[in-house]
Amino acid sequence: MSPTRLGQNQYGKAETRVVRVTRDGATHHVKDLNVSVALSGAMDDVHTSGSNAAVLPTDTTKNTVFAFAKQHGIDSAEQFGIHLARHFVTGQESIERARIRIEEYDWERITPEHSFVRGGRETRTTEVTFDGARWQVVSGLKDLVVMNTTDSEFWGFVKDRYTTLPETRDRVLATEVSARWRFHWARDEDPAPQWQESWAEVRGHLLDAFAGTYSLSLQQTLYAMGDRVLEHRPEIDEVRLSLPNKHHFLVDLEPFGLKNDTPDSAVYFAADRPYGLIEGTVLRDGAEPRIPVTD
Ligand SMILES: O=c1[nH]c(=O)c2[nH]c(=O)[nH]c2[nH]1
């Protein structure tokens, strides 16, 4: 038998759901997060000798999330993640790195006071990593569904013996955007970004680029989206996008004697699978490389 050793490892409580309700007279405010803590460091013993001496229980990491939400509030998901990561890395000798992933759910008001409906829109995400010296904050969004009903073409592609896709000069382009953007900010001595404002601005640029790009492929739209964010937001160094192509196929209505042309109230079949999956990263030239984060 060849010798073995412990490779990359991390542990912590995943998906702690914390909801904080703040009262401003009769007006209530809700912050709704799903927080996953992952800690790593000097953890050989717990895996190989059974000693738990270096292990802060995952139960404690969950309790810390609730206690911090109560004591310090939740200003932004990023700020909350930074606070937690700093606490774990500076508070325990055995913990060398913390990664905090947060999803934030949106609640819209039904009444001005204390009734809400869960926003059916996208989920906001952030991932904060801290190794005691350097921060890496990657924020994002997922499940943001968008559609252009024109200004999209796809033609001039490679054709082999299995190609049947017709070229098109006018199609529906729809996708469900998953985007993650990495902040330049890495050191405590540098001023941190305005997390809330930055997130809203990036979201706006992603949408503007999607809507405003005359698209010859979803790949081209992807690049335009990332490029626009980097052009307008100096606090961001990298944008990663995952864009499923939510195909809309013109239905063949010829058997019923109906012409189904795009310019004339077209009818599409919105297929849910399979879907093309277009993924890519747009980087600022000369940006520092990311800290590798294990999934
Ligand atoms: O925008 C697109 N990019 C592709 O790579 C592709 N492939 C395909 O079949 N349809 C599309 N659309």
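Residues numbered from 1 in each chain as written. Predicted model: local features only at pLDDT ≥ 70, side-chain atom pairs only at ≥ 80, totals over all residues. Heavy atoms only, no water.

Draft legend 1. The arrangement of the UniProt feature "binding site: urate" (unreviewed entry) in the protein in detail. Mapped onto this numbering, the UniProt entry annotates "binding site: urate" (unreviewed entry) at T58, D59, F154, R171, Q219 and N245. On the basis of their most widely separated C-alpha atoms, the annotated residues across 188 residues do not gather in one place, lying as much as 51.8 Å apart. By secondary structure assignment, the location of D59 is in helix α2 (residues 58–72). Judged by relative accessible area, which is 37%, D59 ranks as partly exposed. Relative to the elements of secondary structure, N245 occurs in strand β9 (residues 236–245). Taking the relative accessible area as the measure of exposure, N245 reaches 9% and is therefore buried. (UniProt positions renumbered as here; feature names shortened; annotations may be inferred. Helix = DSSP H or I, 4+ residues; strand = E, 2+ residues; numbered from the N terminus. Buried < 20%, exposed > 50% of the residue type's maximum accessible area, 1.4 Å probe, protein only.)

Draft legend 2. A look at the pattern of salt bridges. This model, assessed by the stated rule, comprises 21 salt bridges. Across the pair R101 and E127 runs a salt bridge, and its minimum N-O distance is 2.6 Å. Pair noted here: R101 is in strand β3 (residues 95–105) and E127 is in strand β6 (residues 123–130), with a separation of 26 residues, a long-range link. Overall, R101 belongs to the partly exposed group, its relative accessible area being 26%. Here E103 and K142 are joined by a salt bridge, their closest N and O atoms 2.5 Å apart. One end of the pair, E103, is in strand β3; the other, K142, is in strand β7 (residues 135–148), with 39 residues separating them in the sequence. The exposure class of K142 is partly exposed, given its relative accessible area of 28%. Each of K31, E78, E104 and R124 takes part in one network of salt bridges that share partners. (Salt bridge = Lys/Arg side-chain N within 4 Å of Asp/Glu carboxyl O.)

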